[in-house]
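# Structural characterization, general
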Amino acid sequence: MRLRNGDFYTNIFTNKLYRLNEDNDSSWYLSLRDEEGYHEPEKISGRDMIRLVEGSYKKS
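What you see is a predicted model; the values in this text were computed from it and never measured.

### Details of the environment of Pro41
- Looking at the element boundaries, Pro41 is found in the loop between strand S4 (37-39) and helix H1 (46-56).
- Overall, Pro41 belongs to the partly exposed group, its relative accessible area being 43%.
- In this structure the C-alpha to C-alpha distance between Pro41 and Leu30, which are eleven residues apart in sequence, comes to 6.8 Å.
- Not counting chain neighbours up to four residues away, the residues in contact with Pro41 comprise Tyr29, Leu30 and Ser31.

Take a look at the structure:
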């Protein structure tokens, strides 16, 4: 699997849509936009993001 900045993924448990983002330090995070704006969870390495995406998300 290859991560691409800007791809969208849907959480298979909550059915919420997230955007995959990479920052300048090559850290990855999934951002969620709701009525309150964008939320950035904890940033993790690419290897850990692949594990997270493969286990809980489907590409949209």
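### Some details on the packing of aromatic side chains
- A full pass over the atoms with the stated rule returns one aromatic pair.
- Between Tyr18 and Tyr57, the ring centres sit 5.6 Å apart and the planes meet at 90 degrees, which makes this aromatic pair edge-to-face. Here Tyr18 is found in strand S2 (residues 17-22), whereas its partner Tyr57 is found in strand S5 (residues 57-59), with 39 residues between them in sequence.

### Considerations on the nonpolar core
- In this structure, Leu3, Tyr9, Tyr18, Leu20, Trp28, Leu30, Leu32, Met49, Val53 and Tyr57 together form the largest nonpolar core, which totals ten residues.
- Those elements that place two or more of their residues in this core are S2, strand S3 (28-34) and H1.
- Broken down by element, this core gets its largest block of residues, three residues, from S3.
- Sequence-distant contacts of Tyr9, that is, excluding residues within four places in its chain, are made with Met1, Lys16, Leu17, Tyr18, Leu20, Leu30, Val53, Tyr57, Lys58, Lys59 and Ser60.

### Digging into the side chain of Ser56
- Within the fold, Ser56 resides in helix H1.
- Ser56 has contacts with Thr10, Asn11, Ile12 and Phe13, leaving out every residue within four places of it along the chain.

### Re unusual backbone geometry
- The phi dihedral of Asn15 falls on the positive side, at around 65 degrees, and the residue is not glycine.
- Looking at the element boundaries, Asn15 is found in the loop between strand S1 (8-11) and S2.
- Judged by relative accessible area, which is 61%, Asn15 ranks as exposed.
- Backbone geometry at Ser26 places phi at a positive 65 degrees, although glycine is not the residue there.
- With respect to the helices, strands and loops of the structure, Ser26 is situated in the loop between S2 and S3.
- What makes Ser26 partly exposed here is its relative accessible area of 46%.

Definitions and limits used
- Residues numbered from 1 in each chain as written.
- Predicted model: local features only at pLDDT ≥ 70, side-chain atom pairs only at ≥ 80, totals over all residues.
- Heavy atoms only, no water.
- Helix = DSSP H or I, 4+ residues; strand = E, 2+ residues; numbered from the N terminus.
- Buried < 20%, exposed > 50% of the residue type's maximum accessible area, 1.4 Å probe, protein only.
- Contact = heavy atoms within 4.5 Å.
- Phe/Tyr/Trp six-rings, centres within 6.5 Å; stacked < 30°, edge-to-face > 60°.
- Core = buried A, V, L, I, M, F, W, Y, C linked by side-chain atoms within 4.5 Å.

All we've got here are geometric facts, nothing functional implied.
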